[in-house]
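So you can see what is in the structure, the chains are spelled out below.
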Amino acid sequence: MAKRKRLTLPGSGPDPAVPAPAGPETRAWLRPGLDGSGPPIAQVAGDAATAAALRELSETLAAARAEGRMVQRLPLGAVEAGHLARDRLGVDEAELAALLASIRAHGQRMPVEVTEIAPGRYGLISGWRRLTALMRLHAETGEARFGAVLALVRQPASAAEAYVAMVEENELRLALSHYERARIVGSCVDLGVFPTEKAALGTLFAAGSRARRSKIGSFVALVRALDGAVRHPSAIPERLGLRLAAALEGGAVTAEGLRARLSALPPEAGSEAEAEALAGALKGGDVSRAKHPATREIRPGLVLAAGRDAITLSGPAVTPEFRARLEAWLAGDR
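Residues numbered from 1 in each chain as written. Predicted model: local features only at pLDDT ≥ 70, side-chain atom pairs only at ≥ 80, totals over all residues. Heavy atoms only, no water.

**Regarding the nonpolar core**
Moving on, step 1. Leu204 and Leu226 are the most contacted members of the largest nonpolar core, which totals 44 residues.
Moving on, step 2. At the level of secondary structure, the elements contributing two or more residues to this core comprise α5 (159-173), α6 (178-190), α7 (197-204), α8 (210-226), α9 (238-250), α10 (255-263) and α11 (271-284).
Moving on, step 3. With 20 residues, the next largest nonpolar core counts Val79, Leu99, Leu124 and Ala151 among its residues. (Core = buried A, V, L, I, M, F, W, Y, C linked by side-chain atoms within 4.5 Å. Buried < 20%, exposed > 50% of the residue type's maximum accessible area, 1.4 Å probe, protein only. Helix = DSSP H or I, 4+ residues; strand = E, 2+ residues; numbered from the N terminus.)

**Comments concerning the sheet that holds strand β3 (residues 112-118)**
The strands that make up a sheet are held in pairs by hydrogen bonds between backbone atoms, and each pair lies either parallel or antiparallel.
Moving on, step 1. Sheet architecture is open: five strands sit in the order β1-β5-β3-β4-β2, paired in mixed fashion. With partners counted over all chains shown, the strands left at the sheet margins are β1 (71-75) and β2 (79-80), one partner each.
Moving on, step 2. As judged from the five bridges shared by β3 and strand β4 (residues 121-126), these two strands associate in the antiparallel manner. Each residue of the ladder has a partner; that of glutamate 113, found in β4, is serine 126. (Pairing = 2+ DSSP bridges.)

**Focus: the pattern of salt bridges**
Close approach of charged atoms allows side chains of opposite charge to pair.
Moving on, step 1. For the structure shown, the criterion picks out nine salt bridges.
Moving on, step 2. For arginine 154, the salt bridge goes to glutamate 113, with nearest N and O atoms at 2.9 Å. On the criterion of sequence distance, the pair formed by arginine 154 in strand β5 (residues 148-154) and glutamate 113 in strand β3 is long-range, its members being 41 residues apart.
Moving on, step 3. Overall, the relative accessible area of 14% leaves glutamate 113 in the buried class. (Salt bridge = Lys/Arg side-chain N within 4 Å of Asp/Glu carboxyl O.)

**Some details on the side chain of histidine 178**
Moving on, step 1. For histidine 178, the location among the structural elements is in helix α6.
Moving on, step 2. Of the polar contacts made by the side chain of histidine 178, one reaches the side chain of arginine 181; its length is 3.0 Å. (Polar contact = N/O pair within 3.5 Å; in protein donor to acceptor, adjacent residues only side chain to side chain.)

**Description of the pairing of β1**
Moving on, step 1. Of the two faces of β1, the one holding Gln72 and Leu74 is buried and the one holding Val71, Arg73 and Pro75 is not buried anywhere.
Moving on, step 2. As paired elements, β1 and β5 share five bridges and run antiparallel to each other. Following the sheet pairing, proline 75 is matched in β5 by alanine 148.

**Description of the environment of arginine 231**
Moving on, step 1. Here arginine 231 lies in the loop between α8 and α9.
Moving on, step 2. Remark: the alpha-carbon pair of arginine 231 and proline 267, spanning 36 residues in sequence, is separated by 9.4 Å.
Moving on, step 3. Here the side chain of arginine 231 touches proline 267 through a polar contact of 3.4 Å, landing on its backbone oxygen.

**Thoughts on the confidence of the model for the chain**
Moving on, step 1. On average, the chain scores 80 in pLDDT, and the residues at 70 or more come to 73%.
Moving on, step 2. When pLDDT is averaged over each element of the chain, β2 comes out on top at 94 and helix α1 (residues 24-30) at the bottom at 47.
Moving on, step 3. Low pLDDT, under 50, characterises residues 26-31; the predicted model gives this stretch six contacts beyond four residues in sequence or across chains.
Moving on, step 4. Ignoring residues within four places in sequence, the model shows residues 285-293, a span with pLDDT below 50, making 24 contacts including any to other chains. (pLDDT = per-residue confidence, 0-100. Contact = heavy atoms within 4.5 Å.)

**Observations regarding the pairing of β4**
Moving on, step 1. Within β4, five of the six residues are buried, leaving the element largely enclosed by the surrounding structure.
Moving on, step 2. Hairpin remark: β3 followed by β4, antiparallel, with two residues in the connecting loop; positive phi at glycine 120, about 80°.

**Re the packing of α6 against α8**
Between two packed helices, the angle of one axis relative to the other and the distance separating the axes together describe the packing.
Moving on, step 1. Running from N to C, α6 and α8 point in directions that differ by 75°, and their axes come no closer than 7 Å. Here α6 lies roughly perpendicular to α8, going by the angle between them. Side by side, α6 and α8 meet where His178, Tyr179, Arg181, Ala182, Arg183, Val185, Gly186 and Asp190 of the first sit next to Arg212, Lys215, Ile216, Phe219, Val220, Leu222, Val223, Arg224 and Leu226 of the second.
Moving on, step 2. The class makeup of the residues in the contact of α6 with α8 is nine nonpolar, two polar and six charged. (Axes fitted to C-alpha atoms, helices over the stretch in contact; angles between N-to-C directions. Parallel < 35°, antiparallel > 145°, perpendicular 65-115°, else oblique. Nonpolar A, V, L, I, M, F, W, Y, C, P; charged D, E, K, R; others polar.)

**Side note on the environment of proline 316**
Moving on, step 1. When you line up the elements, proline 316 lands in the loop between β8 (311-314) and α12 (320-330).
Moving on, step 2. Proline 316 gets classed as exposed once you look at its relative accessible area, which sits at 54%.
Moving on, step 3. Along the backbone, proline 316 and glutamate 256 are 60 residues apart, and their C-alpha atoms lie at a distance of 7.6 Å.
Moving on, step 4. With near-sequence residues (within four places) excluded, proline 316 lies in contact with Glu256 and Gly301.

Below you can see the structure in the form of structure tokens.
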């Protein structure tokens, strides 16, 4: 009797014509897994690539930090706003109010620039208004989000480079007046940052025209004459400032006479009154020489200005010794 051939349904058993699937050990060698079960050469190559990527990332971050391209979050108390002599003499409260509203609603968007002056201590280079706004908001609200400032930590090669960065920032964002420009020129020379006013002008305002630098240079004489006496220096018109500088250089007016005119003004006098007083010196000559009804030179180097309810003495003769003798005389201790 013929032996029947057994039929095998597909999938019901192994097919000798098809190779058996690889076992776990074989699969591990053919297709490395993510659990480190791959072949040694693949694992070593993967580790080397990861280490190289981390090293490159670390070097990139270190370079960005060293070059001042990394924005860092610094505590307000770690930043010294007076690190540099500021070029901006004051702040417009209306403009600052707009900045306060913006930071209150959206946070600080643009970083300030600082330099590390000691471990954990930073000196402000530029961004004084933003730092001021954050300090006011933090004092007002006590919120932690206003207790730190976003900053780029620069490492300027010299003090001159730091001052250039500050001036350029303000020139681009909010133009300075000629008086403010001239004042920072004089301050940099006084601090020894630059040897001469010409060198300071040529470096701080290198991007400006020669004519513009000449005007700023003329205003330096006005700053030397009026700084501390004029209450609204940024409001002095350019034309008036240049005429006063020329008169000072030519000897038509003196610093003492101009300061006497300003000191004779009432405390509430505004920028227009100051400009009129200074312009008056050009019309009638120096108050130390003209027969001004309220101001006269009572002796060489001593100018007396009499206001409605005040008397002011000014001039080079007002020395500490003179003041001491005057105070003793007024007190009755002769």
